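So you can see what is in the structure, the chains are spelled out below.
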Amino acid sequence: MKKLIILLCLGATMMVSAQNINGRFSSSLYSFERYDSPTTSEKYLRAYEMLNLNFNYDNISIRSYFNLEGNLSNKMEYDPRLRFYNLYFEARNLLDVATIKLGRQPIINNVAGGLFDGALVNIKKGDYKFSAYYGGNVPAYQKLQLIDNWSDNYLLGGKFTTTVLKDFQFSVGYINKNYKPESYKTVRLLPDLTLNPLLVEIENKSNQFQFITGELSYLNKDFISVFTRYDYDINFNQTSKFEFESRTQGSDRLNLNVYFNYRSPKIRYNSIFAVFDYGNTYEVELGADYQISSAVTLTGKFGNVEYKDDNAQRLGFGLATEWGTVNYRKTFGYAGELDAVSLYSGYTLFDGLLTPSIGVSFTKYKLSPNDAESNNLTTLLAGFNIRPLRMLSFDVQAQYMDNKIYKNDFRFFFKLNHWFNLNL
């Protein structure tokens, strides 16, 4: 907590001497009904207040992003709740090569991304870039405090990237993320003839992700783009994931897509789930999009997934226009059977002042091909966006859903957005 207090003090200094203040304020209301039993329910009106606030002085910034949420009616036990998603100090272009971030910040990583409390360093020179980071996991509900047992709840990693070869980008990285599950108490029976109940505390070991990752991409804007990614699980000594994606321009109007994915379940080291007999999956998808005109594009995809002892397929078609989209999707096989049609339309009027939108979808599905009964789902949404000023907008949306579980489920959403940018 002391480190965060120091950071807040630095932030207060920045507020006094800032050259620029910018960010976004958002206020939302969301109403819904929750059933406590098949015959009794309560209606809720929940409010969310979000603030993204940045103080800038030359190449130095304090960046923050936090959210206050709570019910205006039928308050829940933990209301109100304040979540801090970002609160960090940033210094850019140090010695013309480095950027440093210190505090609570986001990290984008295909293995274990999210938020952490710590430090990140980016160094870039010419065609070479190196990043390294270290910190602790964020406490539950993004509380403004440091997590306990830092040694069991930390994130450590780095990544090296180069574009030295024309049209190519190559990256290799390492990540080590530890979790310390909270202990809990439960009742167990004594292993004797009495079988008397005994209250036992269950304390798990620290669980860990530890991976080496590699990425290779090639981009030729006039012909083809290729992206590959490989993840290796150090703890289990096995390939965790291999991904390949390519997009080829067949003609001026036609584009072809190929996607392949091999994946094993991502399981934490020392986790009880590691003892189960699980299978890996192989996924292939072929797709194409054809531009009928400047305002209309036709798309189609077919995918196949191979499981350990079975397989599943999916098929989709779509039509995208400047007035909206129409899509059809079908899945069949081991993953269940589904037929879905969806339509969405949104169009801007009066030079951006008003953007009405409407959407509807009809779905028929079975969780298993052997199920005798199919389930039907209808979803409707309608709303509009009003933007009287470039830096101010209002969103209103009504949502409706109906199936055998949610009978006539109606929800309402309102949101206000205000962007600001002040030079002092």
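Bear in mind the structure is a predicted one, so any value in this text is a computation, not a measurement.

Peer 1: Residues and numbers for the overall build of the chain, please.
Peer 2: When helices and strands are tallied, the chain shows 1 helix and 24 strands. C-alpha atoms of the chain, sized along the principal axes, occupy 80 × 60 × 55 Å. Across the 424 residues that make up the chain, the buried fraction comes to 32%. For the chain, the computed accessible surface area is about 25900 Å², with 60% contributed by carbon and sulfur atoms. Counting 45 positive and 42 negative side-chain charges, the chain places the averaged centre of each group 4 Å from the other.

Peer 1: Lay out the pattern of salt bridges with the relevant residues and their values.
Peer 2: By the definition in use, this model includes 16 salt bridges. A salt bridge links Arg-46 to Glu-69; the nearest nitrogen and oxygen atoms lie 2.9 Å apart. Separated by 23 residues along the polypeptide, Arg-46 in strand 2 (residues 41–57) and Glu-69 in strand 3 (residues 60–71) bring together distant segments of the chain. For the residue pair Arg-46 and Glu-69, the accessibility class agrees, reading buried in each case.

Peer 1: Please provide a residue-by-residue account of the pairing of strand 5 (residues 98–107), values included.
Peer 2: With 6 bridges connecting them, strand 4 (residues 81–94) and strand 5 associate as antiparallel partners. Bridge assignment links Phe-89 to a residue of strand 5, and that residue is Leu-102. Counting the residues that bridge the hairpin from strand 4 to strand 5 gives 3 residues, and of these Leu-95 lies at a positive phi of roughly 55°.

Peer 1: Tell me about the nonpolar core, residues and numbers included.
Peer 2: Ile-107, Val-111, Ala-112, Phe-116, Leu-120, Tyr-133, Leu-155, Ile-175, Tyr-179, Phe-209 and Phe-211 together form the largest nonpolar core, which totals 11 residues. Breaking this core down by element, the ones donating at least two residues are strand 6 (114–125), strand 9 (168–179) and strand 12 (207–220). Leave out the neighbours within four places in its chain, and Tyr-179 touches Asn-137, Asp-152, Asn-153, Ser-206, Asn-207, Phe-209 and Arg-268.

Peer 1: So what's going on with the packing of aromatic side chains? Residues and values would help.
Peer 2: Two measures describe an aromatic ring pair: the distance that separates the ring centres and the angle between the ring planes. Evaluation of the coordinates by the stated rule reveals 16 aromatic pairs. Where Phe-242 meets Phe-260, the ring centres are 6.3 Å apart and the plane angle is 55°; that geometry is what we call tilted. With Phe-242 in strand 14 (residues 238–249) and Phe-260 in strand 15 (residues 254–263), this residue pair connects regions lying 18 residues apart in the sequence. Overall, Phe-242 belongs to the partly exposed group, its relative accessible area being 31%. Taken together, the ring pairs connect Tyr-30, Phe-32, Tyr-44 and Phe-413 into an aromatic cluster. Of note, Arg-81 hangs over the ring of Tyr-78, and the distance from its end group to the ring centre comes to 3.9 Å. The ring of Phe-211 is capped by Lys-266, whose NZ or CZ atom sits 5.9 Å from the centre of that ring.

Peer 1: An account of the layout of surface pockets is needed here, citing residue identities and associated values.
Peer 2: Approximately 600 Å³ is the volume found for the largest pocket. Lining the largest pocket are 28 residues, and of these Ile-108, Asn-122, Lys-129, Ser-131 and Lys-159 sit closest to its centre. Residue contributions to the lining of the largest pocket peak at 5 residues, all from strand 7 (residues 128–137). Residues belonging to the lining of the largest pocket are distributed by class as follows: 8 nonpolar, 13 polar and 7 charged.

Peer 1: Which residues make up the side chain of Ser-357, and what values do they have?
Peer 2: Its place among the elements puts Ser-357 in strand 21 (residues 354–366). According to the relative accessible area criterion, Ser-357 is buried, its value standing at 14%. Setting aside anything within four residues of it in sequence, one finds Ser-357 in contact with Tyr-344, Ser-345, Gly-346, Ala-382 and Gly-383.

Peer 1: I'd like a rundown of the side chain of Ser-131, residues and numbers included.
Peer 2: Take Ser-131: it is sitting in strand 7. Setting aside chain neighbours within four positions, we find Ser-131 in contact with Val-121, Asn-122, Gly-157, Gly-158 and Lys-159.

Peer 1: An account of unusual backbone geometry is needed here, citing residue identities and associated values.
Peer 2: Note that the residue after Asp-79, namely Pro-80, is joined by a cis bond; omega there is -15°. By secondary structure assignment, the location of Pro-80 is in the loop between strand 3 and strand 4. The phi angle at Asp-58 is positive, at roughly 55°, despite the residue not being glycine. Its place among the elements puts Asp-58 in the loop between strand 2 and strand 3.

Peer 1: Describe the environment of Tyr-85, and please don't skip the residues or the numbers.
Peer 2: Mapping Tyr-85 onto the fold places it in strand 4. Spatially, the C-alpha atoms of Tyr-85 and Gln-142 are 6.3 Å apart, while their sequence positions differ by 57 residues. Dropping the residues within four chain positions of it, Tyr-85 is found in contact with Tyr-65, Phe-66, Asn-67, Arg-104, Leu-115 and Gln-142.

Peer 1: Give me the lowdown on the environment of Met-391, citing residues and values where you can.
Peer 2: Considering the arrangement of structural elements, one finds Met-391 in the loop between strand 22 (375–389) and strand 23 (392–402). Residues in contact with Met-391, not counting those within four places in the same chain, are Asn-417, His-418, Trp-419, Phe-420 and Asn-421.

Peer 1: Requested: an account of the pairing of strand 12, with residues and values cited.
Peer 2: Pairing of strand 9 with strand 12, which is carried by 12 bridges, proceeds in the antiparallel orientation. Of the residues in strand 12, the one forming a bridge with Phe-170 is Leu-216. Looking at chain direction, strand 12 and strand 13 (residues 224–233) are connected through 10 bridges and run antiparallel. Opposite Glu-215, over in strand 13, you have Arg-229 as the bridge partner. Hairpin connection of strand 12 to strand 13: 3 residues between the antiparallel strands.

What counts and what doesn't
- Residues numbered from 1 in each chain as written.
- Predicted model: local features only at pLDDT ≥ 70, side-chain atom pairs only at ≥ 80, totals over all residues.
- Heavy atoms only, no water.
- Helix = DSSP H or I, 4+ residues; strand = E, 2+ residues; numbered from the N terminus.
- Buried < 20%, exposed > 50% of the residue type's maximum accessible area, 1.4 Å probe, protein only.
- Areas by Shrake-Rupley, 256 points an atom, 1.4 Å probe, with all protein chains shown as cover.
- Lys, Arg positive; Asp, Glu negative; His and termini not counted.
- Charge placed at Lys NZ, Arg CZ, Asp CG, Glu CD.
- Salt bridge = Lys/Arg side-chain N within 4 Å of Asp/Glu carboxyl O.
- Pairing = 2+ DSSP bridges.
- Core = buried A, V, L, I, M, F, W, Y, C linked by side-chain atoms within 4.5 Å.
- Contact = heavy atoms within 4.5 Å.
- Phe/Tyr/Trp six-rings, centres within 6.5 Å; stacked < 30°, edge-to-face > 60°.
- Lys NZ or Arg CZ within 6 Å of the ring centre and 35° of its normal.
- 1 Å grid on protein atoms, 1.4 Å probe; cavity = no way out; pocket = protein on both sides within 12 Å on 5 of 7 lines; lining within 4 Å.
- Points joined across faces, edges and corners; volume = space filled by probe spheres on them.
- Nonpolar A, V, L, I, M, F, W, Y, C, P; charged D, E, K, R; others polar.

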